[in-house]
Every structure is written in C-alpha cells, then in structure tokens.
Amino acid sequence: RSAHGGVTVGLHTCFMADVALQSVAEQVKEAWKRERGSEHELVSFCTIHCLLRKLNLGLSDDEIQSLFSHADATRSGVVTFSGFIDFVFGACTEKDFRGQRMSEPDFVINVEQNKEDGQDNAGIAKVASAPASAAEAQASAAKEDLFLGLFEAPPGGCHIERVEERAITLEQLMMLQRHLYSRAQQSAWIVRGGQALEVESINLYHVTDLVIKPSTEARRCSFVELVADASQPPEWFVSHWWGEPVVLFIRCLLQHSKDRECPRDAGYWVCAYANNQWDLSKDIGEGPESSSFRKAMRLARGTVSLLDADAVVYTRIWCIYEVFISVGGASDQRPDYLFDIYTTGTVGARHGDTEDGGESPSLAGGGTCGITDGYIPADDHSRKGSARCKRHRELGFPFALVQQALSIKVQDAIASQEHDKNCILNAIIGCPQVDEMPPKDHPQYDHLNSVLHGRFAAASWTRAAEMLEAHEGLEQHAAALLTSGLSKLTLHFGGSCLENLKDPAVILLGQSLPVTLNSLFLGFQGCKHVTSNAMLCITSRLKDLKSLMHLELRFSCTCDDVSLASVAQGIAASPALEALDLLMEHCMTASNDAVVAFAETLGQMPKLSRLTLTLGGATLSKADQSAVLDSVKGLDGKVSIGKWSVRVAAGAATKA
C-alpha cells in the first residue's frame, strides 16, 4: 500500500516465490484460453475483474482495480489481455509484492484544502483504503466545495424515474466542461510519472471516476438527476466510445446542434450521464431490447454517431447495436429516424475544393464535420442549391476515417462482457435465444456491414472519385454503395471533379446505384470529361430502381437525337417516379422532333406530377412549343428549352 493510502498491489498473499508467480500466470492464461481463445483481445476492467475473482486469487476489488489502472497506461479503459498478464506477472518480481512499494496509481485527485485553517493539502486516491473518520469528514467537506460548480445556485437536482428521459442538454455539458477546466487549474489530476492529466485528454472513463461517481455518491443517482430540474426526454441519442476526449465529444455535439438548428434545451441521451452508475443493472436491464439504450432510441428523433480518430467506436458491440437499430434493424423503428455521423480532427481541406478553385473551410485545428442523413436547414437556405451546400459541408470529413470504416465487420466487435456480445449478435440475426453462442458468420452481419459501409461510401464518393483511380480504389466504394440499402443518395460533383472526373468513374457509379433508392440527385454540371456514354449508363440503370420517386439529374455533355431518346426511355422506365428535375446543358444538335418526342414521353408517365425540364441550346418553332406544352399540360413545374421558358400548372401555362 502506498503512503497516501491507495492500494498498489496485494498479491503477496498468493506468492511465496517467483516459481509460484509463474505458476499462477500460467493458470490465468489457461483459464482465459478456455473461455475466450485469443490472448490479444481488447478487454475492459469488468472482464479482468470477473476472471480474477473467478480464479479466487485472494485479490480484493480495490487491488484488481489498481492493477488494471497500472496496466492501462494510456487511460483508454481497455487493455489487451496478453499485455495485462505481461504487466502483472512478467514485469513484476516476487519482491515487488513482498514489501517493496511500486509506482503510484495512474492518477490521484489532489484536493486543495483551506489553508487559512492551517490544513495541509490532502490527496484523495482514486482507489482508497478506508480512511480514519476525521480524514473521511475532511474529504467529504472538500468534495462538497469541489463540485459546487456543477450546479446552479442554489444546487438543483431532481428524481427522474424513467432512465430514457435523462438526456443531457448542451448547456449542462458546457457546465461540466467548465468544471473540468476549473479543476485542472485549481489542482491537477496527476498521472503516473508526476505529470498532470490534461483536460483535452480526459475521456468518459476519467469523468466517471473523477466527477460522475464522486459527485453523485451522496444521492446515489445519475449525473443528469444531479443537474436537471425535471425530466429531459431525448431529441437525439448519442452513440460513441468512452475513450474519446470529452472536449471533442462536446465540440461535435455543439456543431451537430448548430447544423440541425436544435432548440437550446434539446436533450442528447448519453449513457454515462443517464444511467445510474451506482445501480447499472437496473438501468441497463437484462438484454438489448429492454436496455436503457433501446428505450432512449424509441423516444429520440435520431442517432448522432461520434466517430473517434481511430474509429474505435465501430469496434464496440454496444455501438454496433445502436447502429443496427438506427438504420432500421428493429421492426418497430420509425422510418423517419435519422442517423448522423460526426467527427473532429486535424484533416484540412485541399485547394480546389470550391467551385471556383478556391479553398473550402478546414478541419485544421480540431474543427468538426458531419455526414448528415439528408439535408440540414442550412443546406436548404443556400442560394447555390442544397446538394452543392451539402457537398461542401461534408468535404472536410477525414477520408482516412472513411477508408477505415469501409473495412469494419460487426461480428468482430468487442465487448466488456461476453454475454453482452452474444445477446447483441443474436438480436441482430433475430435469434430469440439471446444467451446462445451466436454464429461466427451470418447474412444479417453482412447486411449490417453493408448498410454501415454504404453510409460512408455515399458521403465520400465525390472525394473518392477525385483521389482514387476508377476500377481500383473506387471499387471498394462501389461495392459498399451497391449493397447499402440506401433510400436517399445525393452526389454533387464539383471542385477538381470539374476537370478530372471521367466516364469510367461515372459508369461505375451507375452500375452501383442501390435498387432501394427512392430519392436520387446526381450533379455532373460543369464536368468537362463526362460524356453522353456515362450519362446513358446512369439513365439506363433507372429501370432497376423500382421505388424511385424523386429524381434530379444535371449533365453538361452534348446530347443529340439518339442520346435524348435513350435518356427519355430510361426515365420512363421508372414506374414510381413522381418528381423529375432534369438539366441537360448542351442540346444544340438535338432536332425539334426529338425534343417534342422527349416531352411526349415524359408527359405519358403515369405517376409523374412535378417536372422541371431544362434543355440548353435547343430551339423550337412556335408549333413545336405548343406541342411540348400540350404534352406536359397535366404536370406542375417549369420547362425551359433554349431561350424559351414557361411555367406549367396542371392544365395551364404561363410565360416564365
């Protein structure tokens, strides 16, 4: 035991000699192999704790916690099993455990005491032995002062019975962040080696140990119940990895709230703050479907998935379950449920990202960027068009992270408890026996992988087309998009694509359009090297999109009579199409007869009700103009052919 009262190591009851130490090491390894197989698996404290307690090595809970804290040098909350064993049984000798004091625990909370009363500074260890009553009273008084910054004056708080209604607001998160900075300035959290734990590196594992549990200990409640005045239903559910720095976590949610124009009191449901850390089994429940996570998602408008710098979030089984529910994996999930992905990083924008060849906003310096499910209000307010605005906004998403996400496999995700992984994988494949050992491979795993990969492929396709060679690196994106199951796809090709995008990449895109689409926007306007061959590949694919209801296409290639007829044939083969917005900039070589026939084909589509048609460069006689108007008289919208433009409204036409 260290001088400050914190437990360091207590294996002296087990070992009489180095030979005995090695024997126990082998015993632990054999037990692990029987249960889990791989020594290189990432494991949490809970998993280590369960195994060591099961082996009955004579270690207390505090001693196991201290061992884990020493081994987890990066404070990520997880270690490899082999690394843990090497640390405990390989790096330590018998005399380490028999009287020689080891290094300090990973971090200690230094609480500044009232020096006017002549008291010295007292250090309260993260894992402390039972203190004397006077010291305990002193620490308790210090704690009251320590956490006052978390409350309004006077301190608030309430009881919220339903865990799913314990969302946290951004104002409350900012209050927590101010508290972290204030604590760091007043008295640092010390890590092993005597260095301070920087606020920018504090993650939820740290916050739970240093703030949530100490501040809620008296009431034994959730953190939200400590800072809220009433129940706070969630507008958004947050899926994330606990190892991500809290300041980056908050930064992402601030950007998301701004992008989505959320009200000031919008609630974000975050498990660490919503679940009662003193009674987790009650809130988490017995299985995924009855868990607090699932209950919160039923109330939320959508999920915000926070992607950390190494994409660890998609290697955690609970995060995979949250993705599964978010993208429609449950039968009772609302079809309008949204799934946004946000990250923060140091990836800067490149020259040539804007339409005029300038430089777009950068992520350098820790900015945030989100891939949103559809448009956000700011996109709709843009004078340059929603699709272009969405493209510019999502350009900063780190491409390396996208590439990483495309190789994630849900069946390889890890869990702190093996039981959790089995339950979740069985829930994904629809197996009612959640406690059974799930299969290593299953079509439902493949489907969920495809859906997740497809989200990233769709959001990054324009970047991939700029950076990768068609039929080489782009093929991974194509395969992900084809099997994604997406219902909406918006791709606006600008920036360097105007000069560099060529037919092979566009043809590959056409072949990869998912048949599940009901809304499609493809913008190739200004792309100098995209020809009518690529355009026809796109339009010929439309016959396979049986659910397509909204279509918007932009082309700058030259269109003659043959290509115009082929485009009309492809569009007419979309049986469910209700709204069409079509721009073909260069139709100078198309004849009047071909233009009139094109309009007649569109006018005969059974479900088409809204039409915006622009055929640049074509010229029509008065008689041909009348013929076009007669063909589209049952539609609402606008027709522009060459310099002639007219608005149409179900039986009437007015000059535009």
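See the structure above.
Residues numbered from 1 in each chain as written. Predicted model: local features only at pLDDT ≥ 70, side-chain atom pairs only at ≥ 80, totals over all residues. Heavy atoms only, no water.

Asks: Now, about the packing of helix H18 (residues 418-429) against helix H19 (residues 443-467): what can you tell me, with residues and values included?
Replies: Two numbers describe how H18 lies on H19: the axes approach to 8 Å, and their chain directions differ by 90 degrees. It follows that H18 is roughly perpendicular to H19 by the angle criterion. Contacts between H18 and H19 involve Leu425, Ile428 and Ile429 from the former and Gln444, Tyr445 and Leu448 from the latter. (Axes fitted to C-alpha atoms, helices over the stretch in contact; angles between N-to-C directions. Helix = DSSP H or I, 4+ residues; strand = E, 2+ residues; numbered from the N terminus. Parallel < 35°, antiparallel > 145°, perpendicular 65-115°, else oblique. Contact = heavy atoms within 4.5 Å.)

Asks: How would you explain the pairing of strand S16 (residues 610-615) if you had to name every residue and give the values?
Replies: Residues in a regular strand project their side chains so that they alternate between the two faces of the sheet. Covered by surrounding structure in S16 are Leu611, Leu613 and Leu615 only, the residues Arg610, Thr612 and Thr614 on the alternate face being uncovered. Note: strand S15 (residues 579-586) against S16, six bridges, orientation parallel. Residue pairing in the sheet places Ala579 in a bridge with Arg610 of S16. In the sheet, S16 pairs with strand S17 (residues 636-641) via six bridges, with the strands oriented parallel. Counted as the bridge partner of Arg610 is Asp636 from S17. This β-α-β element, S16 to helix H26 (residues 622-631) to S17, shows right-handed connectivity. (Buried < 20%, exposed > 50% of the residue type's maximum accessible area, 1.4 Å probe, protein only. Pairing = 2+ DSSP bridges. Right-handed = clockwise from strand over helix to strand, strands pointing away.)

Asks: With reference to specific residues and values, describe the pairing of strand S18 (residues 644-649).
Replies: Pairing analysis gives six bridges linking S17 to S18, with the strands arranged antiparallel. What sits directly across from Gly637, in S18, is Val648. In this antiparallel pair of consecutive strands, S17 and S18, the connection spans two residues, and Gly642 shows a positive phi of 65 degrees.

Asks: Could you give me a rundown of the environment of Ala597, with the residues and numbers involved?
Replies: If you trace the backbone, Ala597 turns up in helix H25 (residues 592-603). Residue classification places Ala597 among the partly exposed residues on the basis of a relative accessible area of 36%. As a C-alpha pair, Ala597 and Ser631 span 34 residues in sequence and 9.0 Å in three-dimensional space.

Asks: Explain the packing of helix H13 (residues 292-299) against helix H14 (residues 317-326) to me, and be specific about the residues and the numbers.
Replies: With their axes 11 Å apart at the nearest point, H13 and H14 run at an angle of 30 degrees to one another. What the angle tells us is that H13 and H14 run roughly parallel. Remark: the crossing between H13 and H14 carries right-handed chirality. In this structure, H13 uses Phe293, Arg294 and Met297 to contact H14, whose residues at the interface are Trp318, Tyr321, Glu322, Ile325 and Ser326. Class assignment for the residues of the contact of H13 with H14 results in five nonpolar, one polar and two charged. (Left-handed = near helix turned anticlockwise from the far one by under 90°. Nonpolar A, V, L, I, M, F, W, Y, C, P; charged D, E, K, R; others polar.)

Asks: How would you explain unusual backbone geometry if you had to name every residue and give the values?
Replies: Here Arg220, not a glycine, exhibits a phi torsion of approximately 50 degrees, which is positive. Phi angles above zero are rare outside glycine, and Ala311 is one such case at about 55 degrees. Tracing the backbone shows Ala311 in the loop between strand S9 (302-307) and H14.

Asks: How would you explain the state of the cysteines if you had to name every residue and give the values?
Replies: Applying the stated criterion to the full structure yields zero disulfides. There is no disulfide at Cys369, and the cysteine sulfur nearest it, in Cys252, is 9.7 Å away. Overall, the relative accessible area of 3% leaves Cys369 in the buried class. The closest cysteine sulfur to the non-disulfide-bonded Cys497 is located on Cys527, 6.1 Å from its own sulfur. (Disulfide = S-S within 2.5 Å.)

Asks: If you had to explain the packing of aromatic side chains to someone new, which residues and values would you point to?
Replies: Given two aromatic rings, their pairing is described by the distance between the two centres and the angle made by the two planes. Evaluated as defined, the whole model comprises eleven aromatic pairs. Seen in terms of ring centroids, Trp318 and Tyr321 are 5.9 Å apart; in terms of plane orientation they differ by 85 degrees. Their pairing is edge-to-face. Placement of the pair is Trp318 and Tyr321 together in helix H14, with a separation of three residues, close to one helical turn. One aromatic cluster in this structure is built from Phe237, Trp269, Phe293, Trp318, Tyr321 and Phe324. The ring of Trp278 has Lys213 sitting right over it, with the charged end atom 4.5 Å from the ring centre. (Phe/Tyr/Trp six-rings, centres within 6.5 Å; stacked < 30°, edge-to-face > 60°. Lys NZ or Arg CZ within 6 Å of the ring centre and 35° of its normal.)

Asks: Tell me what's going on with the sheet that holds strand S11 (residues 368-371), and back it up with residues and numbers.
Replies: Overall, mixed pairing links the six strands, which are arranged S5-S8-S7-S9-S10-S11 in an open sheet. The open sheet has two edge strands with one neighbour each: strand S5 (168-169) and S11. The sheet contact formed by S9 and strand S10 (residues 338-344) spans six bridges and is parallel. Pairing of Ser305 across the sheet is with Ile341, part of S10. On top of the sheet, H19 reaches S9, S10 and S11; it is set at about 65 degrees to S10, its chief contact.

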